[in-house]
Amino acid sequence: MPSTAAMTRVPNRADACTVLDVLNRVSGKWSIGVLLIALEGPVRFTELERSLPGISRRMLTLTLRNLEADGLLDRTVYATVPPKVEYRATEMAGELYESLTGLTEWARRHQDTIAARRTVPSCVSDGAA
């Protein structure tokens with residue numbers, strides 16, 4: 001059986017850029033919260049606003065636009081007076097959620113080791129070369 005190192009593919013620079021771009025988009029303060037709420041079913045702007053204490057209308061609008069542009073939310077406008085708008089998480093958002101759940105599990109398994117390593121001084125900070 002191949003070793004774990006042999007089974008792990010080292011990403012190239014383009015792969016790393018793709019991952020960083022996606023993480024930067026969804027790691028904003030509000031993006032994950034919006035997606036989690038939308039994954040429960042269709043949701044309206046005011047429901048999101050009430051469910052995310054502290055978010056401004058402008059920030060919610062920008063977050064919704066970005067998530068929609070990235071294909072993580074579908075926006076449906078109903079021809080009513082006043083207009084009714086609903087947001088739904090896409091299949092891709094559900095897939096992202098599953099991936100983030102895996103990352104969460106990894107972080108839980110390794111949080112103590114990471115915390116312990118952060119208390120060890122780095123060789124760069126002590127002047128060693």
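Just above, that's the structure.
Fair warning: this is a prediction, and the values are worked out from it, not measured in the lab. Every chain's residues receive numbers from 1 upward, in the order its sequence appears when written. Residue-level local features of this predicted model are given only where pLDDT is at least 70; pairs of side-chain atoms are given and counted only at 80 or more, and the full residue set underlies all totals for whole chains, interfaces and linings. Excluding hydrogens and water, the side-chain figures rest on all heavy atoms present in the structure.

## Notes on the overall build of the chain
Moving on, step 1. Tallying secondary structure elements over the chain gives six helices and three strands in all.
Moving on, step 2. Mapped in sequence order, the helices and strands of the chain form the string α-α-α-β-α-α-β-β-α.
Moving on, step 3. Classification of residues uses two cut-offs on accessible area relative to the type maximum, computed with a 1.4 Å probe and protein chains only: under 20% is buried, over 50% is exposed, and between them is partly exposed. Buried residues in the chain amount to 19% of all 129 residues.
Moving on, step 4. Contact definition: two residues touch when any of their heavy atoms are within 4.5 Å. The contacts of the chain with a sequence gap of at least 6 include a subset with a gap of at least 24, amounting to 45%.
Moving on, step 5. Carbon and sulfur atoms make up 57% of the accessible area of the chain, which amounts to about 9,800 Å² in all. Note on conventions: DSSP H or I runs of at least 4 residues are helices, E runs of at least 2 residues are strands, and numbering of each starts at the N terminus. Here, Shrake-Rupley sampling with a 1.4 Å probe gives the accessible areas, and only protein chains in the shown set may cover a residue.

## Notes on a nonpolar patch on the surface
Moving on, step 1. A cluster of nonpolar side chains, contributed by Ile32, Leu36, Leu39 and Tyr97, occupies part of the molecular surface with about 310 Å² of accessible area.
Moving on, step 2. Here the nonpolar patch takes three residues from helix H3 (residues 31-39), the largest share from any one element. To count toward a patch, a residue needs a relative accessible area over 30% and no salt bridge; like charges are then connected within 9 Å, while nonpolar side chains (Val, Leu, Ile, Met, Phe, Trp, Tyr) are connected within 5 Å. Here, a salt bridge means any Lys or Arg side-chain nitrogen found within 4 Å of an Asp or Glu carboxyl oxygen.

## A look at the packing of H3 against helix H6 (residues 91-118)
Each pair of packed helices gets described by two things: the angle between the helix axes and the distance between those axes.
Moving on, step 1. Angles shown run from 0 to 180 degrees and are taken between the N-to-C directions of axes, each axis being a line fitted to C-alpha atoms and, for helices, limited to the stretch in contact. With their axes 11 Å apart at the nearest point, H3 and H6 run at an angle of 115° to one another. For the element pair H3 and H6, the recorded crossing hand is left-handed. Facing Ile32, Leu35, Leu36 and Leu39 of H3, the residues of H6 in contact are Ala93, Gly94, Leu96, Tyr97 and Leu100.
Moving on, step 2. Its residues assigned to classes, the contact of H3 with H6 comprises eight nonpolar, one polar and no charged. Take the far helix as your reference; a near helix turned counterclockwise from it by less than a right angle gives a left-handed crossing, and one turned clockwise gives a right-handed crossing. Three classes are used, and their members are as follows: Ala, Val, Leu, Ile, Met, Phe, Trp, Tyr, Cys and Pro are nonpolar, Asp, Glu, Lys and Arg are charged, and the others, Gly among them, are polar.

## Looking at the sheet that holds strand E3 (residues 84-89)
Moving on, step 1. The three strands are arranged E1-E3-E2 in an open sheet whose pairing can be described as antiparallel. Across the chains shown, the open sheet's two edge strands, defined by having one partner strand only, are strand E1 (43-44) and strand E2 (73-78).
Moving on, step 2. When DSSP finds two or more bridges between a pair of strands, those strands are recorded as paired. Relative to E3, E2 runs antiparallel, the two sharing six bridges. Each residue of the ladder has a partner; that of Arg75, found in E3, is Tyr87.

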